[in-house]
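# Analysis of the macromolecular model
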Amino acid sequence: MRVLVVEDERNLADAIARGLRRHGLAVDVAYDGTSGHEMAFVTRYDVVVLDRDLPGVHGDQICADLVSSGALTRVLMLTASGTVADRVDGLQLGADDYLPKPFAFDELVARVRALGRRATPPAPPVLAVADLVLDPARRVATRAGAPVDLTRKEFGVLEELLKARGAVVSSEELLERVWDANTDPFTTTVRVTVMTLRKKLGDPPLIETVVGAGYRMPGELVT
């Protein structure tokens, strides 16, 4: 899942980004409304965590522009004002959720994940193909009942391949969905990650390489 945090309080923005990354999310950060507005329309994010009172472009304008564009991106608004009137204003602008500051970080993560599920075609809460089971909420993967120890990026790649339901996912798409904007687009990190993921999943192999196109995991999701 790809998330953009737009927050002008740098310490808070960086803390949110670090925490979300620890939960396996790819996170970019903008410290003002102008750069946040530009980033939100250059990259397709699942969720934008958006402060309302931003320098440059106001958070309300970013939210309104995202909604009017028809993007699937979901917006979680943050604000120091937590009155009912403020929440109503934010939701009327088209925000999908609203969280007043200060907030519990576990609640923020839960809300971001819930919104992220709404930004993409619905998938079962637990993803399974053949004898492989992936539980994104608990960050647990098993094959034939045995736990598979995965890094955050390996888990993210596997989740994206499973969610594709047998469709081919390109290296570029994986790079965009699992890594953040600081990653070199010409890196071999996707290929290396898929290679180590294959080794950890064992035999029979589940990830196919489609030459010139990307990767796929054949078979329908088990529901």
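Residues numbered from 1 in each chain as written. Predicted model: local features only at pLDDT ≥ 70, side-chain atom pairs only at ≥ 80, totals over all residues. Heavy atoms only, no water.

In the annotation of an unreviewed UniProt entry, the protein is listed under the name DNA-binding response OmpR family regulator and assigned to Asanoa ferruginea.

Further remarks concern the pattern of salt bridges. Going through the model one piece at a time under the given rule, you end up with 15 salt bridges. R52 is paired through a salt bridge with D60; the nearest N and O atoms lie 2.8 Å apart. This pair shows no difference in class: R52 is buried, exactly as D60 is. Several salt bridges converge on common partners, so that one network encompasses E7, E9, D51 and K101. (Salt bridge = Lys/Arg side-chain N within 4 Å of Asp/Glu carboxyl O. Buried < 20%, exposed > 50% of the residue type's maximum accessible area, 1.4 Å probe, protein only.)

Where helix α7 (residues 171-178) is concerned, the buried positions are L174, L175, R177 and V178. In this fold, the buried residues of α7 make contact with β1 (2-6), β2 (26-30), α6 (152-163), α8 (189-201) and β11 (214-216). (Helix = DSSP H or I, 4+ residues; strand = E, 2+ residues; numbered from the N terminus. Contact = heavy atoms within 4.5 Å.)

A sheet is described by the order of its strands in space; here 5 strands give the open sequence β2-β1-β3-β4-β5, paired in parallel fashion. Looking along the sheet, the strands with just one partner apiece sit at the ends: β2 and β5 (97-100). When strand polarity is set aside, the average angle formed by the axes of neighbouring strands in this sheet is 20°. By the bridge criterion, 5 bridges tie strand β3 (residues 47-51) to strand β4 (residues 74-79) in an arrangement that is parallel. Bridge pairing links L50 to M77 in β4. On top of the sheet, helix α5 (residues 105-118) reaches β1, β3, β4 and β5; it is set at about 155° to β4, its chief contact. (Pairing = 2+ DSSP bridges. Axes fitted to C-alpha atoms, helices over the stretch in contact; angles between N-to-C directions.)

Moving on, we come to the environment of A146. By the secondary structure assignment, A146 is in strand β9 (residues 146-147). A146 sits 13 residues away from V133 along the chain, and the two C-alpha atoms are 9.8 Å apart.

Turning our attention to the domain arrangement of the protein. Split into domains, the protein comes out as domain 1 (2-119) and domain 2 (127-216). Here the C-alpha centroids of domain 1 and domain 2 sit 27 Å apart. The interface is formed by 12 residues belonging to domain 1 together with 10 residues belonging to domain 2. Note on domain 1 versus domain 2: buried area summed over both sides is about 910 Å², and carbon and sulfur give 38% of it. Here domain 1 and domain 2 share 1 salt bridge between them. A salt bridge links D46 to R177, with the nearest nitrogen and oxygen atoms 2.2 Å apart. Where domain 1 meets domain 2, there are 5 residue pairs in polar contact (both at pLDDT 80 or more). Going through the elements one at a time, α1 (10-22) and β2 are the ones with two or more residues in the side of domain 1 that touches domain 2. (Domains from an automatic or database assignment. Buried area = accessible area lost by both parts, 1.4 Å probe. Polar contact = N/O pair within 3.5 Å; in protein donor to acceptor, adjacent residues only side chain to side chain.)

Before going further, it helps to spend a moment on the environment of L76. Here L76 shows up in strand β4. Along the chain, L76 and T188 lie 112 residues apart, while their C-alpha atoms are 33 Å from each other. Setting aside residues no more than four positions away along its own chain, L76 makes contact with V48, V49, L50, D97, Y98, L99, L108, R111, V112 and L115.

Here we come to the nonpolar core. Within the largest apolar cluster, 25 residues are counted, with the highest numbers of intra-cluster contacts made by V157, L158, L162, I207 and M217. At 5 residues, the largest contribution of residues to this core is made by α6. With 19 residues, the next largest nonpolar core counts V3, V27, L76 and L108 among its residues. (Core = buried A, V, L, I, M, F, W, Y, C linked by side-chain atoms within 4.5 Å.)

Attention now moves to the sheet that holds β9. Spatially, the 4 strands line up as an open sheet ordered β6-β7-β8-β9, and their pairing is antiparallel. The strands lining the two open edges of the sheet, one partner per strand, are β6 (127-129) and β9. Bridge analysis of strand β7 (residues 132-135) against strand β8 (residues 140-143) gives 4 bridges, and the strand direction is antiparallel. Bridge pairing in β8 links L132 to R143. In this fold α6 packs onto β6, β7 and β8, with an angle of close to 110° to the strand it touches most, β7.

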